[in-house]
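Examining the three-dimensional arrangement
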Amino acid sequence: MSRYNDGVITTNKNCIACNRCVASCPVVGTNVNGKTEGKNCIEVSGKKCIECGNCIRECSHGARDYRDDTLFFFKDLENGKKISVIIDPTFYMLYGKTAYKLIGYLRTIGVDKIYDVGIGAEISVWAHAKYLKEYKESETKPKAFITHICPAVANYAKKCNPEMLPYIIPVQTPAICTAIYVRKYLEDTNPIAYLGPCIAMTDETSSNETFKSILYNVTIAHLMDYLREIDFDRYYSKPDYKCETEGRLICSNGVFRRMVERYFPSTEVFTNFDHIDEKMIAPFCKQKGINEEWEQHPMLTEISACAMGCLMGGGIDAPGFNYNKVYERFAERSHNVYKQLEDSKDYKERYEELCAKFKSLNFFDFTREFSENYRQPYIVPQKAYEAIFERMHKDTQAKRNINCKFCGYPTCVEMAKAVASGYAKMENCIHYLNDELKSQVYIDMLTGLPNMARFIPEVEHLLSTHKDRSYVLGVCNINKVMVINRLYGRSVGDAVLVNFANYMREFIGDGGLCCRLGGGFFGFCYLNTSEKAKKLKETETYDYRHLGVDFPVTVRAGVYKTVPGDEVPVGKILDYCTYAMTKITDRSHNDFRYFDDAIHTEIILDSEITKQMKQSMADGEFVIYLQPQFNHASNKLVGAEVLSRWVKKDGTIISPAIFVPIFEKNGFVKELDRHVWKSAFILIKKWMDEGIPMVPISVNVSRMSLVDDEIIGIIHRFKDEYNIDTKYLHFEVTESAYMADQDAIIERVNRIRDMGFEIAMDDFGTGYSSLNVLKDMPLDILKLDMGFLRGDTNMDKGTKIIEYIIHMANTIGLKTIAEGVETNEQAEFLEQMGCDVIQGFLYSQPIPAAEYELLIKSL
Amino acid sequence: MDRTRIAFSDAKDTAVAMEEIKKTLQKDGDEKAPKLIFFTTDYLNFTWFSRHLAQAFPNTTVIGMSSYVVLSSKGYNPNAVTALAIYSGIEIASGIILEIDRYPLRYKETIRNAIDKIGENLDNTCCFEFTTAFSGGEELIMDAFKITFAEKQIPIFGGTAGAPDGINASFVALNGIVYNDACAFVIIKNTHGKIRLFKENMFKPTEHIMVATDVDCDDRTVYEYNNRPAAEVVAAALGVPVNKLFNYTSMHPVGRIDGDNIYITEHNVVYPDGQLSYYSRIHNYSKLVLLEPDDPKEVWNRTANAVKTKVVNPSFSIVVNCLSRTRYFNEQEIMGDFVEVLSEYGTYIGFSGYGEQYEYEHLNQTMILAVFE
């Protein structure tokens, strides 16, 4: 698979990384989260695995395999090799009479001699007892007390807990004792196979410490699987050396201890553990002087890695395990064995009998050394924990102590340690996943930056915890993002955003915050320092040619500097920054604009106007004024322009120069237009009804009113409602309104004209005029702005231009009105040029409707 | 009598060199033996000098490591021997730690005994250690000291031994016994004042920050940065193809970020499958910054100024300068300039090997400096 799965126990492709193996494993770092073919899985580190088989028992997905020598065993038998087999008592407990049928079959395929491991169990008991009775403790070598019957326990000590090793009684396991006895004392020279439930025996058999007494570790599960097609009923045989005494019971946890106990006074303490638990074992293994709490330990402690002992070994055929049957067999045999053992002898006499039984054996044939291959675990530094906890959103002590064990680790700290060491992934923690999901709500998926919902509270927290500092907050926008999307495609546009986001992260640094507000808008906050201020000004443009963008990309930003103790809410500050940003019109280079008092005043005014406008409209504070228009030659009144004025109740007049731009921004200008038109219709209707001699009046049409067809409906309704003679009402459309969506606007203006109203183009010459507009627009009147004649420079040019515009207008049948005429010279000139009508302060400023009415009544 | 003496010899004949050393350290027929001798020499002659120094000074603690280049205030040479003898103003205790590649903590008693010998008052005390190279156990040694020192938190200062290019072995020695797989340490209490420690990085951060997302701590390997193959990420940051990355890694190590501190970790091997191994350990989810060379002379001056500011009355110094730095200075022909800057630190002995240990961190491509008041 990959860099793990290099030991006896391995993971296969059934693994779904459910973490149960992690939870069941006594050794941290054995089960390592990884990925195989893109799929999450948990692999086994052969370096750390003690081969206890807990993970195999725990795994409900059949995702753990292990290697043993079953295939080699059968292959060598097929090749004619004579092999002797030693059989663990577990085998008989699991299969009862079927065990003998199987033995019968094995003989037919070449197995030579068969022995019960119960024999070796009794030898091992004798050797353990002899050691305990005769070993003299020394300063440097303490007296051991832990049984050596479980290879996985020895592996645990060797790999994980070397301080335990001196306390494991240096005697071979029952299986190895059997093999040594068979070889040396029964002079069986055949290679020996061990048939049993133990996976850890695979490494044990190849170890020099067992003198390689056993050549094949054949586990019961693999054997039964290999022979699954065989009908055993035809076969039957018993072992050559059968154990009928207590040794046949050692497959159950506690029996070995009980066997040794018989040779010691009842005042001695004997214990047994049925699993490996460092917390239980550690106290016993503290050397004197290091941990004064424990200076004593039991006479003997039996430890097996498997609960219930070897009966639940990792190498059993778990699906075939029938607990009731096994218990029945164990109970029956136990009863028979202990009935035989009932006696009135004391422990000394029993020990003498035991020694007599094994007097021909050399004790040292059954002893061993333990080599150690422990590697000290690394200390994970506190900063590594902090980094991981931070990433996992475990920002409180409570979150760091949930200890739910779902990840397989007993505590959150253990999990963090495993993550730091590369054994575990953060994604194993459901609380992290939960919090991460929640945090995704606050993250912009494209750039990975926080969104505004997260940015604002974070900035608020930053400012509130550093009240003595000045920060810079800002909103910036990448110019022409839509152009980039259109020209190069959305993926390039996105790449620009991502690159810019990365730039922002680095620019802001660790002490600041930034976010993506949406589109090409970003927010930022950083400590106000001169270096940052310098850096802000340094970059003129951004080069994204490597992304495929051919032109320099620029950004504009509105920026606000907080002062220590600033109480302005962050949301409001961002609004201010956005407002300041909109003041920047030059997009050719990066630019930023500080939010200052002038902008602040503007915002306040904006806000006040917007707050009052609707109510003022309802209260009738918007009134119409009219500015008369005259024929200069005849000095006759020939028309008027309708203008709006805001006359507040207290008599204050707010100039349209103030409120009209605000209404155009907030859209209220449409309401104003409607109000002015209605007022004009009403006036004309009144004059018509009263028989007052009239001249046409013109009303303005804002850009906003022309964006949809609603204007047609409104004017139509007014026309029908007031039934005026349309020749008395003109509509003025500003030149710049024609710049956008010309076709639709032309169509709308045409429809207004079709209703009978004349159309004037207002402010001709104020912007960048397009003569195409004159060609295509349905117009009757051209209103000229006197800008051409203002100023001290280029006056000759200006007069020439006016001259030719008027001539052109006359040629194409347009009437001309000159607006903003202030001097007689201007008026004279215009008249000479053929301009029909003059409007301006020369004749009259805008006057209230009542005053205008008096004027036309006097005509 | 001088508190310290520094002896240096680049005589080709080791016997001649030894005589020169003895003559300097036993000047004027003075019978008072030094309390401690730090020494270093090249790999080939290390065993010989270890034994002879111990014989010549039987009542002195003699500790040293083999070096890529021998540095001292009396001269420098890849093939030389130098010894710094300290006669007074210190209390010392020493020891040896074995099994450094897997279980140095087993020798915590040795460390504890050394601390006990110094006594209760551990002010102005520092543990100096030398570790043989190629064990991969420097971090384990640091952990062993950290656990054993516990709340005492004696500062650690030391180096991994050096050897010439192509030799995969190195030595440390204590009192004449030479080890090729051990850590020799001496705990020193300066009774004349403080022991100030300094670190010098000749690299500066680039803009490229990476987070390790798949590591093997035991093997000092990073498989992924930012959830992508490690080599790809580093190569992309440097703007080079992955198959050419190995040409750039020596001058672009990574720095482990710890607040304002950056601890340099040197690249080792670039593997075809994209994994990168290093000369020191990287934890998962540690934030690292790709480094680039700084101006060496500016860096040296900054260190020298820092030393001048913090140490008013220096007595002697111990320098550990990474082998990679020494190699680089030689290639750039600025080794002489470097040695000249070192001379600002007064009497000093300098070691050059495969790593540095400072504040319980194992570093690479760094110079560390201990200045005794």
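Residues numbered from 1 in each chain as written. Chains lettered and ligands numbered in written order. Predicted model: local features only at pLDDT ≥ 70, side-chain atom pairs only at ≥ 80, totals over all residues. Heavy atoms only, no water.

Moving on: the packing of aromatic side chains. All names here are of chain A. Applying the stated rule across the entire model yields 67 aromatic pairs over all chains. When the ring of Tyr-105 is compared with that of Tyr-235, the centres are 5.2 Å apart and the planes differ by 75°; the resulting orientation is edge-to-face. Placement of Tyr-105 in helix α5 (residues 98-108) and of Tyr-235 in the loop between α10 (220-226) and α11 (255-261) is noted, with a sequence separation of 130 residues between them. The exposure class of Tyr-105 is buried, given its relative accessible area of 11%. Relative accessible area serves as the criterion here: at 15%, Tyr-235 is assigned to the buried category. Aromatic rings pair up to connect Phe-500, Tyr-503, Phe-507, Phe-522, Phe-524, Tyr-526, Tyr-542 and Tyr-544 into one cluster. Against the face of Tyr-351 rests Lys-133, its NZ or CZ located 4.9 Å from the ring centre. Lys-238 extends its terminal NZ or CZ atom over the ring of Tyr-100, reaching a point 5.9 Å from the ring centre. (Phe/Tyr/Trp six-rings, centres within 6.5 Å; stacked < 30°, edge-to-face > 60°. Helix = DSSP H or I, 4+ residues; strand = E, 2+ residues; numbered from the N terminus. Buried < 20%, exposed > 50% of the residue type's maximum accessible area, 1.4 Å probe, protein only. Lys NZ or Arg CZ within 6 Å of the ring centre and 35° of its normal.)

The strands that make up a sheet are held in pairs by hydrogen bonds between backbone atoms, and each pair lies either parallel or antiparallel. All names here are of chain B. Here we have six strands laid out as an open sheet, ordered β1-β6-β2-β3-β10-β11, and mixed in their pairing. Each having just a single partner strand, β1 (4-9) and β11 (177-179) make up the two edges of the open sheet. Each strand of the sheet is rotated relative to its neighbour by a mean of 15°, with strand direction disregarded. Two elements, strand β2 (residues 36-41) and strand β3 (residues 61-66), share six bridges in a ladder whose sense is parallel. Within the sheet, the bridge partner assigned to Thr-41 lies in β3 and is Ser-66. Running over the sheet, helix α1 (residues 14-25) touches β1, β2 and β6 (81-86) and is turned about 165° from β1. (Pairing = 2+ DSSP bridges. Axes fitted to C-alpha atoms, helices over the stretch in contact; angles between N-to-C directions. Contact = heavy atoms within 4.5 Å.)

Right, let's get into the interface of chain A and chain B. If you look at the interface, chain A gives 31 residues, while chain B gives 32 residues. Between chain A and chain B the total buried area reaches about 2700 Å² when both faces are included, carbon and sulfur atoms providing 43% of it. Together, Gln-376, Tyr-378 and Ile-379 of chain A form the three largest contributors to the area buried by chain A at its contact with chain B, with a combined 27%. Inspection of the chain A/chain B interface yields eight salt bridges. Where Asp-218 of chain B meets Lys-47 of chain A, a salt bridge forms, and the shortest distance between an N and an O atom there is 3.9 Å. Counting across the interface, chain A meets chain B through twelve residue pairs in polar contact (both at pLDDT 80 or more). Elements with a contribution of two residues or more to the side of chain A that touches chain B: α15 (382-391) and α16 (412-421) of chain A. Sorting elements by how many residues they give to the side of chain A that touches chain B places α15 of chain A first, with five residues. (Buried area = accessible area lost by both parts, 1.4 Å probe. Salt bridge = Lys/Arg side-chain N within 4 Å of Asp/Glu carboxyl O. Polar contact = N/O pair within 3.5 Å; in protein donor to acceptor, adjacent residues only side chain to side chain.)

This next bit is on the environment of Ala-418 of chain A. All names here are of chain A. Its place among the elements puts Ala-418 in helix α16. Relative accessible area serves as the criterion here: at 1%, Ala-418 is assigned to the buried category. In this structure the C-alpha to C-alpha distance between Ala-418 and Val-380, which are 38 residues apart in sequence, comes to 9.3 Å. The residues touching Ala-418, leaving out its near neighbours within four places in the chain, are Tyr-409, Tyr-423 and Ala-424.

With that settled, consider the domain arrangement of chain A. In terms of domains, chain A is made up of domain 1 (1-67), domain 2 (70-366), domain 3 (378-440), domain 4 (443-595) and domain 5 (617-857). Here domain 4 of chain A and domain 5 of chain A have C-alpha centroids that lie 43 Å from each other. (Domains from an automatic or database assignment.)

Turning next to the packing of helix α18 (residues 452-465) of chain A against helix α22 (residues 570-582) of chain A. All names here are of chain A. Contact geometry for α18 and α22: axes closest at 9 Å, N-to-C directions at 110°. In terms of orientation, α18 and α22 fall into the roughly perpendicular class. Listed contacts from α22 to Met-452, Phe-455, Ile-456, Val-459, Glu-460 and Leu-463 of α18 are Val-570, Gly-571 and Leu-574. When its residues are assigned to classes, the contact of α18 with α22 shows seven nonpolar, one polar and one charged. (Parallel < 35°, antiparallel > 145°, perpendicular 65-115°, else oblique. Nonpolar A, V, L, I, M, F, W, Y, C, P; charged D, E, K, R; others polar.)

For the coordinates displayed, the defined rule picks out 71 salt bridges over all chains. Between Arg-375 of chain A and Asp-218 of chain B there is a salt bridge; the shortest N-O distance is 4.0 Å. Of this pair, Arg-375 of chain A sits in the loop between α14 (347-357) and α15 while Asp-218 of chain B sits in the loop between β14 (203-216) and β15 (221-225), placing the two residues on different chains. Among the residues examined, Arg-375 of chain A registers a relative accessible area of 29% and is labelled partly exposed. Its relative accessible area of 17% is what places Asp-218 of chain B among the buried residues. Linking Arg-5 of chain B and Asp-2 of chain B is a salt bridge whose minimum nitrogen-to-oxygen distance equals 3.7 Å. For Arg-5 of chain B, a relative accessible area of 8% translates into the label buried. Judged by relative accessible area, which is 41%, Asp-2 of chain B ranks as partly exposed. Through salt bridges with shared partners, one network takes in Lys-47, Lys-48 and Arg-375 of chain A together with Asp-218 of chain B.

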